[in-house]
Amino acid sequence: EDVVNKIAAGEIIVAPVHALKELIENAVDAGSTSLEILVKDGGLKLLQITDNGCGIHKDDMKILCERHTTSKLKAFEDLTAIGTYGFRGEALASISHIAHLTVTTKTADSSCAWKAQYAGGKLTAAKPGQSAEPKACAGRPGTQITVEDLFYNVPSRRRAFRSASEEYSKIADQVGRYAVHCTGVAFSCKKHGEAGVGIAVPATASVRDRIRIVHNSSIANELIDVLVTNNQYGFKAEGLVSNANYSGKRTSLLLFINHRSVESTSIKRAIEQTYAPFLPKGGKPFIYLSLEIDPARVDVNVHPTKREVNFLNEDEIIELICDEIRTGLGKVDT
Ligand code: ADP
Ligand code: MG
């Protein structure tokens, strides 16, 4: 049973960045306006995320890491939203099977914060002989999730990591994506024990400011707005994309579907083809694109990691977006 859980967890979380992505999404879902992320050894030693969201009720802490525990279904009566938004109640459960997990949380109506440790889906004592029940402690409203020693009990997975800095750059990339997309939310991300801040975005920054902060000014100065709405295919696409003056070494595609960071090879290819006639040979664009699609049209039966997403009328929707980009590129005089 436990082996099955461990294997399932290892399928959802292959690298530290996958655990962190789930934790970022939870913090954003909790209505947070501030996310602070701390990383040690590329996330293998420590991944910590502190938010100022709604917190978790003490009574819910017991079942928090049981598989399929989610508080998010009532808000989305359309059950197809489960797959699309990843509300499957599996992230914390998975993490508790392959790492040491500590949760400290306070709701607005609680007079104190509560702290608990988890292992294998259940509350566990911090030290042998102690109670596993949540302990009262001081704390501000919101939640702090601490993930330590990821894959400590999956040696084969642990051995697969070549370098902490490689894992950290994947983490910084993913944090950067959410930091660009989530307006109204402040983000910070840094390596434990280092003075410099990796990423620091204030809550008030616009998307353009966020791109300027996370990426660089040479990109931010060369962006054009994209907006497509379409009733026939039930979608809205909004974004900022580089113009013909910008030419990068490789394509940067910051893609969100229904506010989840995802990947789509077909969108990437189509966009690269759209830019090709406008850029010097080998030049690549920067794309930030947020697509909102009727959840019923998004394929929920993709791989559990939700990294590649498929949706209905993909070709038509991509064509409409690329048409809009082409029009925008044509307007820029070079
Ligand atoms: P899901 O996000 O699919 O519901 P998770 O395992 O990611 O499943 O989280 C389980 C539940 O724990 C969530 O539904 C939510 O109620 C609660 N939760 C997790 N993280 C936070 C957070 N940062 N703030 C408030 N509640 C949280
Ligand atoms: Mg979640």
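Data block above holds the structure.
Within each chain, residue numbers correspond to sequence positions counted from 1 in written order. Going through the entries in the order they are written, you letter the chains from A and number the ligands from 1. Confidence filtering applies because this is a predicted model: local features only for residues at pLDDT of at least 70, side-chain atom pairs given and counted only at 80 or more, and all residues used for totals across whole chains, interfaces and linings. Side-chain measures were taken over the full set of non-hydrogen atoms in the model, leaving aside hydrogen atoms and water.

**So, the sheet that holds strand E12 (residues 252–257)**
- DSSP bridges decide pairing: two strands pair if at least two such bridges lie between them. Helix numbers and strand numbers start at the N terminus; a helix is a DSSP run of H or I with at least 4 residues, a strand a run of E with at least 2. The strand order E10-E11-E14-E12-E13 describes an open sheet built from five strands, whose pairing is mixed. The open sheet has two edge strands, strand E10 (223–230) and strand E13 (260–261), and neither has a second partner.
- Two elements, E10 and strand E11 (residues 235–242), share eight bridges in a ladder whose sense is antiparallel. Across the sheet, Asp-225 pairs through a bridge with Leu-240, a residue of E11.
- Note on contacts: a residue pair is in contact if any heavy atoms of the two residues lie within 4.5 Å. All axes here are fitted lines through C-alpha atoms, helices being fitted over the stretch that makes contact, and every angle between N-to-C directions spans 0 to 180 degrees. Against the sheet, helix H10 (residues 314–331) contacts E10, E11 and strand E14 (286–293), and its axis sits at roughly 145 degrees relative to E10.

**Concerning unusual backbone geometry**
- Located in the positive-phi region is Asp-41, a residue other than glycine, with phi close to 55 degrees.
- With respect to the helices, strands and loops of the structure, Asp-41 is situated in the loop between strand E1 (34–40) and strand E2 (46–51).
- A positive phi is found at Asn-313, a non-glycine position, where the angle reads about 55 degrees.
- Inspection of the secondary structure puts Asn-313 in the loop between E14 and H10.
- Per-residue accessibility, obtained with a 1.4 Å probe over protein chains only, is compared with the maximum for each type, and a residue is labelled buried under 20%, exposed over 50%, and partly exposed between these values. Residue classification places Asn-313 among the partly exposed residues on the basis of a relative accessible area of 26%.

**Some thoughts on helix H9 (residues 265–275)**
- Among the residues of H9, Ile-267, Ala-270, Ile-271, Thr-274 and Tyr-275 are the ones counted as buried. The buried residues of H9 occupy one face: seen down the axis, they fall within an arc of 135 degrees. The outward face of H9, more than 90 degrees from its buried face, is lined by the exposed residues Arg-269 and Gln-273.
- Tucked into the core, H9 has its buried residues touching E11, E12, E14 and H10. Think of the arc as the fan of directions from the helix axis to the C-beta atoms.

**Describing the pattern of salt bridges**
- We define a salt bridge as a contact between a side-chain nitrogen of Lys or Arg and a carboxyl oxygen of Asp or Glu at a distance within 4 Å. With the rule as written, the count across this model stands at eleven salt bridges.
- Across the pair Arg-162 and Glu-166 runs a salt bridge, and its minimum N-O distance is 3.2 Å.
- Since its relative accessible area comes to 31%, Glu-166 is described here as partly exposed.
- Across the salt bridge formed by Arg-326 and Asp-323, the nearest N and O atoms sit 2.8 Å from each other. Here the residue Arg-326 and the residue Asp-323 both occupy positions in helix H10, the gap between them amounting to three residues, near one helical turn.
- By relative accessible area, Asp-323 is classed as partly exposed at 32%.
- Each of the salt bridges in this network shares a partner with another, and the network as a whole consists of Lys-21, Glu-25, Asp-29 and Arg-260.

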